[in-house]
Amino acid sequence: QVQLVESGGGLVQPGGSLRLSCAASGSIFNIGHMGWYRQAPGKQRELVASVTYGGNTNYADSVKGRFTISRDNAKNLVYLQMNSLKPEDTAVYYCNAFIDNGVLGPREYWGRGTQVTVSS
């Protein structure tokens, strides 16, 4: 079975940086779109950044210029480099990916999330 596991979250002061990682494992033939979402208490889950297999990226306006998404297709990894962090970035960050196991075709998967807290 396919699993996505996030890591790298934690507590950081405003202006600081964190790098989140997401590792996909299991029966994987191909991974298409990958992305990062976040959800703060009382708010809707929102797309932070996404990247296609070919490396085309998309960012929420609130993080443009501060966050960078990247992927390593050979290692089934996606990263989110977060710089100049603000308190409003505080949320649980979730990894998302469309994964084909070679039999069923692409399916959407979610990680369990990693907490990012930006506070002084």
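Residues numbered from 1 in each chain as written. Predicted model: local features only at pLDDT ≥ 70, side-chain atom pairs only at ≥ 80, totals over all residues. Heavy atoms only, no water.

Caption draft 1: Looking closely at the overall build of the protein. Helix and strand content of the protein: zero helices and eleven strands. Helices and strands in the protein line up, N terminus first, as β-β-β-β-β-β-β-β-β-β-β. Against the compact-globule benchmark of 14 Å for 120 residues, the protein has a radius of gyration of 14 Å, which places it among compact chains. Its C-alpha atoms give the protein principal-axis dimensions of roughly 50 × 25 × 25 Å. Taken across its 120 residues, the protein has 41% of its residues classed as buried. In the protein, of all internal contacts separated by at least 6 residues, the share reaching a separation of at least 24 is 55%. In the form shown here, the protein has an accessible surface area of approximately 6600 Å², with 46% of it arising from carbon and sulfur atoms. With 11 positive and 8 negative side-chain charges, the protein shows a separation of 2 Å between the mean positions of the two kinds. (Helix = DSSP H or I, 4+ residues; strand = E, 2+ residues; numbered from the N terminus. Rg over C-alpha atoms; globule rule 2.2 N^0.38 Å. Buried < 20%, exposed > 50% of the residue type's maximum accessible area, 1.4 Å probe, protein only. Contact = heavy atoms within 4.5 Å. Areas by Shrake-Rupley, 256 points an atom, 1.4 Å probe, with all protein chains shown as cover. Lys, Arg positive; Asp, Glu negative; His and termini not counted. Charge placed at Lys NZ, Arg CZ, Asp CG, Glu CD.)

Caption draft 2: Quick peek at the pairing of strand 5 (residues 46–51). The sheet contact formed by strand 4 (residues 30–39) and strand 5 spans five bridges and is antiparallel. The partner of Arg38 across the bridge, within strand 5, is Glu46. Counted along the chain from strand 4 to the antiparallel partner strand 5, the turn is six residues long, and its residue Gly42 has a positive phi close to 80°. Strand direction decides the pairing type here: strand 5 and strand 6 (residues 57–59), joined by three bridges, are antiparallel. Bridge pairing in strand 6 links Val51 to Thr57. Hairpin connection from strand 5 to strand 6: five residues lie between these consecutive antiparallel strands, with Gly55 at a positive phi of about 100°. (Pairing = 2+ DSSP bridges.)

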